[in-house]
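Chain and residue survey
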Amino acid sequence: PTTRALAVTGSDFPVIRESVETAAVVTRLAPTFIRFGSFEYFYWTQQHDALKQLADFVIDRFYPECRAAPQPYLAWLEEVSRRTARLVAQWQGVGFCHGVLNSDNMSILGLTIDYGPYGFIDAFDAGHVCNHSDEHGRYAYDMQPQIGHWNLYALGQALVPLTDDLDATKAAIDTYLDEYSRAIDDVFRAKLG
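The text that follows walks through the structure, step by step, so that each part is easy to find. As the structure is a prediction and not an experimental result, all values here were calculated from the model. (Residues numbered from 1 in each chain as written. Predicted model: local features only at pLDDT ≥ 70, side-chain atom pairs only at ≥ 80, totals over all residues. Heavy atoms only, no water.)

**Thoughts on the layout of surface pockets**
Note the following rule: Only protein atoms enter the 1 Å grid, on which a cavity is a set of points fitting a 1.4 Å probe that cannot get out and a pocket is an open set with protein on both sides within 12 Å along at least 5 of 7 lines, lining residues being those with an atom within 4 Å of a point. Grid points are joined across faces, edges and corners, and a volume is the space filled by probe spheres set on the points. Helix numbers and strand numbers start at the N terminus; a helix is a DSSP run of H or I with at least 4 residues, a strand a run of E with at least 2. Just so you know the grouping, Ala, Val, Leu, Ile, Met, Phe, Trp, Tyr, Cys and Pro go in nonpolar, Asp, Glu, Lys and Arg go in charged, and all remaining residues, Gly too, go in polar.
Considered as a void within the structure, the largest pocket measures approximately 420 Å³ in volume. Along the walls of the largest pocket sit 13 residues, with Arg17, Glu21, Ala24, Val26 and Gly116 positioned nearest its centre. Mapped by element, the contributors of at least two residues to the lining of the largest pocket are strand 1 (4-16) and strand 2 (20-29). Of all the elements, strand 2 adds the most residues to the lining of the largest pocket, at 6 residues. Considered class by class, the residues forming the lining of the largest pocket number 7 nonpolar, 3 polar and 3 charged. Examining the composition of the lining of the second largest pocket, we find that 4 residues originate from one element, helix 3 (residues 72-94), more than from any other. Split by residue class, the lining of the second largest pocket holds 8 nonpolar, 3 polar and no charged.

Next up, the structure:
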């Protein structure tokens, strides 16, 4: 699951990274670009009313089935955890390395967003790192499942003012573990026929 490329716009304007390169912008489309970091921002700036407003919008627009749950925010966090687990399992199954897997690059819909420098491993290398600035291998191929789970903890922490229950929030996040286990097994079973 990923955002879709609409266009690539090039320019002769130079961009300086490690060397001088020509500029280009990829325009991508998605139902929303709301991400885990959107909730973290409101949490860390103590804007709990805005946090609630954003969470309510996301639930009403993208997860309406969660509204009927006894605890809608927890039901929604569980579903985000499941989608994230299935997404990461699909990455692992095709050897996809995101490159910059911080919480602000995690879609609330379980889509691949803001990846780059990304890559695919050509031959199995569990420690493959596709981002030259990731000197310690935080986002290496074999770390992606744990980082996906860790990013959910960052989202869960941001949602505690709405869930008001640390144990239930942790349990909602930890649905990732069983879902990932099932999803990665399904991915590799399908690959093996």
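**Structural notes on the packing of aromatic side chains**
The description of an aromatic ring pair rests on the distance of the ring centres and on the angle between the ring planes. Rule in force here: Here the aromatic set is Phe, Tyr and Trp, taking the six-membered ring for Trp, and pairing holds for ring centres within 6.5 Å; pairs whose planes are under 30 degrees apart are stacked, those over 60 apart are edge-to-face, and all others are tilted. Each residue is assigned to one of three classes by its accessible area relative to the maximum for its type, calculated with a 1.4 Å probe on protein chains only: buried under 20%, partly exposed between the two thresholds, exposed over 50%.
Throughout the structure, instances matching the rule amount to 12 aromatic pairs. Between the aromatic rings of Tyr43 and Trp44, the centroid separation amounts to 4.9 Å while the plane-to-plane angle is 80°, which identifies the pairing as edge-to-face. A relative accessible area of 56% means that Trp44 is categorised as exposed. Within the aromatic cluster, the residues linked to one another by ring pairs are Trp91, Phe96, Tyr115, Tyr118 and Phe120.

**Some thoughts on the environment of Gly119**
Mapped onto the secondary structure, Gly119 falls in strand 4 (residues 119-120). For the pair formed by Gly119 and Leu101, sequence separation is 18 residues and the distance between their alpha carbons is 13 Å.

**Remarks on a nonpolar patch on the surface**
Using the following cut-off: Patch criteria: residues need more than 30% relative accessible area and no salt bridge. Like-charged residues are merged within 9 Å; nonpolar side chains of Val, Leu, Ile, Met, Phe, Trp and Tyr are merged within 5 Å. For the area figures, the Shrake-Rupley method with a 1.4 Å probe applies, and any residue is considered shielded solely by the protein chains shown. Just to be clear on terms, a salt bridge is a Lys or Arg side-chain nitrogen sitting within 4 Å of an Asp or Glu carboxyl oxygen.
Judged by side-chain polarity, Val94, Tyr118 and Phe120 come together as a nonpolar surface patch covering roughly 320 Å² of accessible area. Looking at the secondary structure, you find Val94 in helix 3.

**A look at the pairing of strand 2**
What counts is decided by this rule: Strand pairing follows a simple DSSP-based rule, namely that at least 2 bridges must link the two strands.
Two elements, strand 1 and strand 2, share 10 bridges in a ladder whose sense is antiparallel. Among the inter-strand pairings, Thr9 is bridged to a residue of strand 2, identified as Val25. Linking strand 1 back to strand 2 in an antiparallel pair, the connection comprises 3 residues.

**Things to note about the packing of helix 3 against helix 5 (residues 166-173)**
Selection rule: Each axis is a line fitted through C-alpha atoms, and for a helix only the stretch in contact is used; angles between axes span 0 to 180 degrees, taken between their N-to-C directions. Reported orientations rely on four angle classes, namely roughly parallel under 35 degrees, roughly antiparallel over 145, roughly perpendicular from 65 to 115, and oblique for the rest. Residue contacts follow a heavy-atom distance rule, with two residues in contact if any of their heavy atoms lie within 4.5 Å.
Their axes nearest at 8 Å, the elements helix 3 and helix 5 cross at an angle of 30°. As far as their axial angle goes, helix 5 and helix 3 are roughly parallel. Residues Leu74, Leu77, Glu78 and Ser81 of helix 3 form the contact with helix 5, whose own contacting residues are Ala168, Thr169, Ala172 and Ile173.

**Thoughts on the nonpolar core**
Applied cut-off: In this description, a nonpolar core means a group of buried Ala, Val, Leu, Ile, Met, Phe, Trp, Tyr and Cys residues linked to one another through side-chain atoms lying within 4.5 Å.
Ranked by internal contacts, the top residues of the largest apolar core, which has 45 residues, are Phe39, Val58, Trp76, Ile108 and Leu155. Elements with a minimum of two residues in this core: helix 1 (36-44), helix 2 (48-62), helix 3, helix 4 (144-163), helix 5 and helix 6 (175-192). In terms of residue count, the dominant contributor to this core is helix 3 (11 residues). The residues contacting Phe39, other than those within four sequence positions of it, are Ile34, Leu51, Leu54, Ala55, Val58, Trp76, Ile108, Leu155, Ala158 and Leu159.

**Focus on the packing of helix 2 against helix 4**
The geometry of a pair of packed helices is captured by two quantities: the angle between their axes and the separation between those axes. Where helix 2 meets helix 4, the closest approach of the two axes is 10 Å, and the angle between their N-to-C directions is 95°. If you check the angle between helix 2 and helix 4, you find them roughly perpendicular. Only Ala158, Leu159, Pro161 and Leu162 of helix 4 make contact with helix 2, whose side of the interface consists of His48, Leu51, Lys52 and Ala55. Residue composition of the contact of helix 2 with helix 4, by class: 6 nonpolar, 1 polar and 1 charged.

**Considerations on helix 5**
The condition is simple: This arc describes the spread of directions from the helix axis toward the C-beta atoms. Each polar contact in these results corresponds to two N or O atoms within 3.5 Å; when the atoms are within protein, one needs to be able to donate a hydrogen and the other to accept it, and residues that are neighboring in sequence are counted only if both atoms are side-chain atoms.
Among the residues of helix 5, Thr169, Ala172 and Ile173 are the ones counted as buried. For helix 5, the angular spread of buried residues about the axis comes to 100°, placing them on one side. For helix 5, the elements touching its buried residues are helix 3, helix 4 and helix 6. Between a side-chain oxygen at the N-terminus of helix 5 and the backbone nitrogen of Asp167 the separation is 3.2 Å; the capping residue is Asp165.

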